[in-house]
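# A structural walkthrough
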Amino acid sequence: MAGGDVKGRGTWATGIGFILAAAGSAVGLGNIWRFPYITAENGGGAFVLIYLGCIVLVGLPIMIAEIMIGRSTQKSTVSAFRELSGKGSPWISLGWIGVLCGFLILSYYAVVAGWALHYVWRSISGAFTGQSADQLQAAFEQLSTDGGQSILGMMIFMAITMALVLGGVEKGIERWARILMPVLLLMLVGLLLHSLTLSGFGDAFRFVFGFHADDLTGAGVLEALGHSFFTLSLGMGAMLTYGSYLHRKADIVGNSVAIALLDTGIALLACLVLFPITFTAGIETAQGPGLVFISLPIAFAKMAGGGILATVFFALLSFAALTSTISMLEVAVSYFIDEHGWKRRKATLVSGAAITLIGIPSALGRNWFDLMADFTSNILLPVGGLGTALFIAWKVGDRLRRDEFIAGSRFATFYGLWLGVLRFFVPIAVGLVFLKAIGINIF
Ligand code: PHE
C-alpha cells in the first residue's frame, strides 16, 4: 500500500483546531442556505424537532463511526476501508463512493458558493439599494442562468479553496478554520442582535420552535433525515479524512458531540436571523432556494443599513461555504496522496482542476445542477452513511471499536447504547430515506 504512514501526513496541532475544522466542514450552505428554506417549506416547528431527532439518533452515531475509521487507520477513505477490511473487499467501495462524492458535490456546491461571493460584491457596490422586488428576483434569475457569470464565480471559489488546501492540514485547513469559524460566529451573533430588534422576531421564534404536528408530512420526515447527512458532512469520508489527522488520545465522542452541537446551533441561529427579516418585511418565506438570494435582498433593500447587513450576511455565507469546500477537496487530495503517492501540490492542482471542469455543466444549467444535488444527497450520501454504520457495527472487531470509543472519553458508558443504535435503528431509518430516493414511499 503506497504512502499513508502517520509521519509526514500531518496532524491537527490543537484539539480545538480539529473541532473547528470539522465544524467548519459541517457548517456550510446546508445550514444557512438550505436548512431555513426546507424548514419553511415543511411548516416549521415539527420539522425542526424531527430534524433534531435525526441529528442525535442517526447523524451523531455515524459521525462517531466515521471519525473512528479515520483515526484508527490514520488513512484517507479508500486506504482506510482497505486496511480494516482486507485487500479486494467489497467494503472498499465505500471509500470510492466518498472520493466520487467529493468530486460531484463540490462541483455543484462551488457554483452556489460562487453566487454567494457574487452577492458580497453586489452588496458592497450597493446594487440592492432602491431595487424593487421584481428587479431583485430578475437579478438572481439572471445570475443563475447566465453561465458565464456562474462559471467565473465558481472558478474564483475553487481557486481560493485550492489555495487553502495547498497549505496542508495544519498550516492550511486548521489555520483557516481557526480564523474563519470565529468570524462566522461573530457575524451570525451580530445579525441575530439585529433580528432581535425586529417586530417579526416573536412570530419567527414561534415558527421555528412551536410544535405544529399537523404540518408534518412523511416526506418532511425523510427530508429531515436526508438533510442531517448533508449538514453533518457524513457518508462521503470527509469526517473520516479529518479523523485520520486526529491524535490517538483525542476523545472522539466528545468531539463529535461538540461538532454536532455547533452545526445544529448555527442552523437554528440562521433561521432566527432570516425569518424575522422576511416576516417583518412581509415576504413569502417558503421560497425554496431563492430565500437567501431573492427574499433576503428584497428585505435588505427596504431596511435602514440594509447594504451593510447584506454585505455581512453574504460574507458569512461565503466563509461558511469555504470551510466546507476545503473539506470536500481534502477527501480527493488525501486519496491521491495516500493511494498514489502524489505530492499535496500535484494532488490539489489536478483534483481542483478536474472538479472545476465537472462543475461547468452545473453552472450552465439547472437540470444538471439538480441531478448532481439529488443524486449525491439522496443516493450516494445515504448509501455511504449506511455502509459506514453497518461496517463499524457489524464488520470490525469489538476490540477496535470499543478502544476507539472509550479512548480519553467521558462518554465511555454510552458504548452499548451507541452500538445498539448503530446496529438497528440507523439501518432502518436510513433504509427508509433510501427507498424514498429510489421512488418507494413507505409513508
Ligand atoms: N456539511 C456541508 C454543509 O452543510 C456540506 C458538506 C457535505 C460538506 C459533505 C462536506 C461533505 O453545507
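Just above, that's the structure.
Analysis parameters
- Residues numbered from 1 in each chain as written.
- Predicted model: local features only at pLDDT ≥ 70, side-chain atom pairs only at ≥ 80, totals over all residues.
- Heavy atoms only, no water.
- Helix = DSSP H or I, 4+ residues; strand = E, 2+ residues; numbered from the N terminus.
- Rg over C-alpha atoms; globule rule 2.2 N^0.38 Å.
- Buried < 20%, exposed > 50% of the residue type's maximum accessible area, 1.4 Å probe, protein only.
- Contact = heavy atoms within 4.5 Å.
- Areas by Shrake-Rupley, 256 points an atom, 1.4 Å probe, with all protein chains shown as cover.
- Lys, Arg positive; Asp, Glu negative; His and termini not counted.
- Charge placed at Lys NZ, Arg CZ, Asp CG, Glu CD.
- 1 Å grid on protein atoms, 1.4 Å probe; cavity = no way out; pocket = protein on both sides within 12 Å on 5 of 7 lines; lining within 4 Å.
- Points joined across faces, edges and corners; volume = space filled by probe spheres on them.
- Axes fitted to C-alpha atoms, helices over the stretch in contact; angles between N-to-C directions.
- Parallel < 35°, antiparallel > 145°, perpendicular 65-115°, else oblique.
- Left-handed = near helix turned anticlockwise from the far one by under 90°.
- Nonpolar A, V, L, I, M, F, W, Y, C, P; charged D, E, K, R; others polar.
- Near = heavy atom within 4 Å.
- Polar contact = N/O pair within 3.5 Å; in protein donor to acceptor, adjacent residues only side chain to side chain.
- Sits in = over half its atoms within 2 Å of the grid points.
- Salt bridge = Lys/Arg side-chain N within 4 Å of Asp/Glu carboxyl O.
- Phe/Tyr/Trp six-rings, centres within 6.5 Å; stacked < 30°, edge-to-face > 60°.
- Lys NZ or Arg CZ within 6 Å of the ring centre and 35° of its normal.
- Patch = residues over 30% accessible without salt bridge, like charges linked within 9 Å, V, L, I, M, F, W, Y side chains within 5 Å.
- Core = buried A, V, L, I, M, F, W, Y, C linked by side-chain atoms within 4.5 Å.

Assigned secondary structure in the protein consists of 18 helices and zero strands. Rg of the C-alpha trace for the protein: 21 Å, near the compact-globule value of 22 Å for 443 residues, within the 12% margin. In terms of overall dimensions, the protein has a C-alpha envelope of 60 × 50 × 40 Å along the principal axes. For the protein, with 443 residues in total, the buried portion stands at 59%. Across the protein, every contact between residues at least 6 apart in sequence was considered, and the portion connecting residues at least 24 apart equals 82%. With an accessible surface of roughly 16,400 Å², the protein has 67% of that area assigned to carbon and sulfur atoms. Charge centroids of the protein, computed over 27 positive and 24 negative side chains, lie 12 Å from each other.

Below, the discussion takes up the side chain of S228. Positionally, S228 belongs in helix α10 (residues 218-231). In this structure S228 comes out as buried when scored by relative accessible area, which is 1%. Setting aside residues no more than four positions away along its own chain, S228 makes contact with Y51, C54 and I55.

Enumeration over the complete set of coordinates arrives at three cavities of 30 Å³ or more. The space that makes up the largest cavity amounts to roughly 130 Å³. Every residue lining the largest cavity is counted, 18 residues in all, and those nearest its centre are S25, Y109, F230, S233 and M328. Sorting the residues of the lining of the largest cavity by element identifies α1 (15-26), α2 (29-41), α5 (92-124), α10 and α14 (306-340) as the ones contributing at least two each.

Taken N-terminus to C-terminus, the directions of α5 and α14 make an angle of 160°; their axes are 8 Å apart at the nearest point. For the element pair α5 / α14, the angle class is roughly antiparallel. As α5 runs across α14, the sense of the crossing is left-handed. Classifying every residue of the contact of α5 with α14 by side-chain character gives 23 nonpolar, eight polar and no charged.

By volume, the largest pocket is sized at about 490 Å³. Of all the elements in the fold, those that place two or more residues in the lining of the largest pocket are α2, α5, α10, α16 (366-395) and α18 (415-437). For the lining of the largest pocket, the element with the most residues is α16, which contributes seven residues. Residues belonging to the lining of the largest pocket are distributed by class as follows: twelve nonpolar, five polar and six charged.

The ligand sits among 14 residues. The nearest are A26, G30, Y109, F230 and S233. Y109 has a polar side-chain atom sitting 2.4 Å from an oxygen atom of the ligand. Relative to its unbound accessible area of 320 Å², the ligand is 100% covered by the protein chains. Because more than half of its atoms lie within 2 Å of the grid, the ligand is assigned to the largest cavity. Classifying every residue of the shell around the ligand by side-chain character gives six nonpolar, eight polar and no charged.

Take the pattern of salt bridges next. Evaluation of the coordinates by the stated rule reveals twelve salt bridges. Taking the shortest distance from any N to any O, the salt bridge between E83 and K75 comes out at 2.8 Å. Overall, K75 belongs to the buried group, its relative accessible area being 10%. D203 is paired through a salt bridge with R206; the nearest N and O atoms lie 2.9 Å apart.

Turning our eyes to something else, we now look at the side chain of S150. Assignment of secondary structure puts S150 in helix α7 (residues 147-166). Within polar-contact distance, the side chain of S150 engages the backbone oxygen of L143 at 3.2 Å. Every residue in contact with S150, bar those within four places of it in the chain, is listed here: V111, W115, L143, S144 and A363.

On to the packing of α7 against helix α8 (residues 168-196). Running from N to C, α7 and α8 cross one another at 130°; their axes reach a closest spacing of 7 Å. One finds that α7 runs oblique with respect to α8. Residues L164, V165 and L166 of α7 pack against G168, G172, I173 and W176 of α8. In terms of residue class, the contact of α7 with α8 is made up of five nonpolar, two polar and no charged.

Applying the stated criterion across every chain yields a total of 34 aromatic pairs. Put simply, the rings of Y108, W115, Y119, F128, F140, F293, F313, F314 and F369 touch in pairs and so form one group of aromatic residues. The ring of W342 carries the charged tip of K346 above its face, separated from the ring centre by 4.2 Å.

A contiguous nonpolar surface patch, about 260 Å² in accessible area, is contributed by V56, L57 and F425. Tracing the backbone shows V56 in helix α3 (residues 45-73). The class for V56 is exposed, based on a relative accessible area of 52%.

Most often, soluble globular proteins have nonpolar side chains that are buried together. Of all hydrophobic cores here, the largest spans 159 residues; its most connected members are F293, F313, F314, L317 and W418. The element best represented in this core is α5, accounting for 19 residues. When residues no more than four places from it in sequence are discounted, the contact partners of W418 are P61, I64, A65, M68, I392, R401 and F405.

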